[in-house]
Amino acid sequence: MNKEKVGRFYDIVWTEYIPEYEESEKHWNMFYSAGEIHDKTILDAGCGTGIFSIIFANNGAKKVTGIDISEGSLETAQHLKKKFNLDNIEFRKEDMLMLPFSDEQFDIVWAWGTVHHTTDPLGAIKELMRVLKKGGSLFLAVYKRTKVTWIHELIRKTMVRTPRKMWTGLSKIMAFFLAPVVFIFKKREKSRKGEKLEELILDWYFVPIRHYYYPEKVQQFLENHGFKIEKHLAHSGRFNSSSNFIYKARKY
Ligand SMILES: C[S@@+](CC[C@H](N)C(=O)[O-])C[C@H]1O[C@@H](n2cnc3c(N)ncnc32)[C@H](O)[C@@H]1O
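Residues numbered from 1 in each chain as written. Predicted model: local features only at pLDDT ≥ 70, side-chain atom pairs only at ≥ 80, totals over all residues. Heavy atoms only, no water.

**Observations concerning the overall build of the protein**
- Regarding its fold elements, the protein presents 10 helices and seven strands.
- Taken over the C-alpha trace, the protein has a radius of gyration of 18 Å; the compact-globule value for 252 residues is 18 Å, and the two agree within 12%.
- Counting only C-alpha atoms, the protein reaches 50 × 40 × 35 Å along its principal axes.
- The long-range fraction of contacts in the protein, counting pairs at least 24 apart against all pairs at least 6 apart in sequence, stands at 76%.
- As displayed, the protein has an accessible area near 12,500 Å², and 56% of this comes from carbon and sulfur atoms.
- Computed over 40 positive and 31 negative side-chain charges, the inter-centroid distance for the protein is 4 Å. (Helix = DSSP H or I, 4+ residues; strand = E, 2+ residues; numbered from the N terminus. Rg over C-alpha atoms; globule rule 2.2 N^0.38 Å. Contact = heavy atoms within 4.5 Å. Areas by Shrake-Rupley, 256 points an atom, 1.4 Å probe, with all protein chains shown as cover. Lys, Arg positive; Asp, Glu negative; His and termini not counted. Charge placed at Lys NZ, Arg CZ, Asp CG, Glu CD.)

Have a look at this one:
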C-alpha cells in the first residue's frame, strides 16, 4: 500500500524533472570514473527520471538496468535514453525490496536518495547487497537524521494527511512564506536550477515515506554484512545540499 503511494507520488513530483547532466556527472565522478565502470553491469536502484543511468551508460558501462516504481518517472527516463541514443540501458518497473534478479548479478549497485523512501530501508539495502557481485561496489545516498529532523517530520506528517488535491496549493503557500528564509540561508541549488521552490517543498514535505538515519548506523550495517567502506561523505554536496550522507562500500 505504502509502496503504491510512493510510486504515485513520484508519478507527479520529479516525474518530468531531469537534473542537469554536467552537474550530475561531476558529482558522479567523485565516486566513479569511466575506467572503473568500463564493461561493468550496473543497477541504478530507484533511477527516477534516469540521469545516473544515462551517466553510467554514457561512460562506458556494459549494461545499465534502471529500476523504479514510478511509471511516470520511467517514461521520462525512456525519453532521455532516446535523446542520448544509448542502447546499453534498460529501464523497468521493479520494487527494490523484491528484486527479480539473481544473487551476485551486478558489478555496481547505485542507489541515490532512494532506500529511505521504501517501507524498509535496511531491507532494501540487504536486497541491493544480495544482487551485488563479490568485489563489487555499493553506493548509497541516504537522508541524515539531525537535531531538527523531528520538526521536518512534524510538518511532513501533517502535510501528507491533507487531501491530495490541496497539495499543489499548500506547497505554493509554503513557498511564499519560506522564500525569504531560503534566500537568506541557502544558495540556490546548482543542479536543481529550473525547479521552483514549491516543487522542492512538495518533494520534501509531501512524500508519503521518508526515513532518516545516523551515518554510523548505516556504516555499521554495511560492515556487519562484510562490506568495507571506501568513501564516505558526511554531506552529499549534490544540489548543494547537506540532507544526505553517502557511502561507497565494497563487498568482500
Ligand atoms: C528522490 S528520487 C531519486 C531519483 C534518482 N535516484 C536521482 O537521484 O535522480 C527517489 C526515487 O526512488 C523511487 N523509489 C521509491 N521506493 C522505491 C522502491 N521500493 N523500489 C524502486 N524505486 C523506488 C521513487 O519512485 C523515486 O523515483
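Further notes follow.
**Here's the deal with the sheet that holds strand β1 (residues 41–45)**
- Overall, mixed pairing links the seven strands, which are arranged β3-β2-β1-β4-β5-β7-β6 in an open sheet. Two strands lie at the open edges of the sheet, namely β3 (89–93) and β6 (227–233), each paired on one side alone. Between one strand and the next, the sheet's axes are offset by a mean angle of 15°, whatever the strand orientation.
- In the sheet, β1 pairs with strand β4 (residues 106–112) via three bridges, with the strands oriented parallel. From the neighbouring strand, Leu43 faces β4, where its bridge partner is Val109.
- Each of β1, β4, β5 (132–143), β6 and β7 (244–251) is contacted by helix α6 (residues 121–130), which is oriented at about 155° to β5, the strand it contacts most.
- This element, helix α10 (residues 215–224), spans β5, β6 and β7 of the sheet and lies at about 10° to β7. (Pairing = 2+ DSSP bridges. Axes fitted to C-alpha atoms, helices over the stretch in contact; angles between N-to-C directions.)

**A closer look at the side chain of His27**
- Turning to its location among the elements, His27 is positioned in helix α2 (residues 21–28).
- The class of His27 is buried, set by a relative accessible area of 5%.
- Ignoring any residue separated from it by four or fewer positions in sequence, one finds His27 in contact with Phe52, Trp112, Ser236, Arg238 and Ile246. (Buried < 20%, exposed > 50% of the residue type's maximum accessible area, 1.4 Å probe, protein only.)

**Thoughts on the domain arrangement of the protein**
- In terms of domains, the protein is made up of domain 1 (2–145 + 211–251) and domain 2 (149–205).
- A C-alpha centroid distance of 24 Å is found between domain 1 and domain 2. (Domains from an automatic or database assignment.)

**Focus on the site of the ligand**
- Taken together, the neighbourhood of the ligand is formed by 19 residues, with Gly46, Asp68, Asp95, Met96 and Arg238 sitting nearest.
- In the environment of the ligand, a nitrogen atom lies 2.7 Å from a nitrogen or oxygen atom belonging to the side chain of Asp95.
- At 2.7 Å from an oxygen atom of the ligand is found a side-chain nitrogen or oxygen belonging to Arg238.
- Counted by class, the shell around the ligand contains eight nonpolar, seven polar and four charged residues. (Near = heavy atom within 4 Å. Polar contact = N/O pair within 3.5 Å; in protein donor to acceptor, adjacent residues only side chain to side chain. Nonpolar A, V, L, I, M, F, W, Y, C, P; charged D, E, K, R; others polar.)

**Things to note about the side chain of Asp44**
- As for its placement among the helices and strands, Asp44 is situated in strand β1.
- We note that Asp44 is buried and unpaired, the nearest opposite charge coming from Arg238 at a distance of 8.7 Å.
- Residue contacts for Asp44: discarding those within four places in its chain leaves Phe52, Ser53, Thr65, Gly66, Ile67 and Trp110. (Salt bridge = Lys/Arg side-chain N within 4 Å of Asp/Glu carboxyl O.)

**Structural notes on the packing of aromatic side chains**
- Tallied over the entire structure, the rule returns 18 aromatic pairs.
- Measuring from centroid to centroid gives 4.9 Å for Phe31 and Phe139, while their planes differ by 70°, and the two rings are edge-to-face. Placement of Phe31 in the loop between α2 and α3 (34–37) and of Phe139 in strand β5 is noted, with a sequence separation of 108 residues between them. Comparing Phe31 with Phe139, the two get one shared label, buried. (Phe/Tyr/Trp six-rings, centres within 6.5 Å; stacked < 30°, edge-to-face > 60°.)

**Description of α2**
- The complete set of buried residues in α2 reads Tyr21, Ser24, His27 and Trp28. Buried residues of α2, viewed axially, fall in a sector of 130°; they line one side. Summarising the geometry of α2, the exposed residues directed more than 90 degrees from the buried face are Glu22 and Lys26.
- Against α3, α4 (51–58), α5 (71–84), β4 and β7 lie the buried residues of α2. (Arc of directions from axis to C-beta.)

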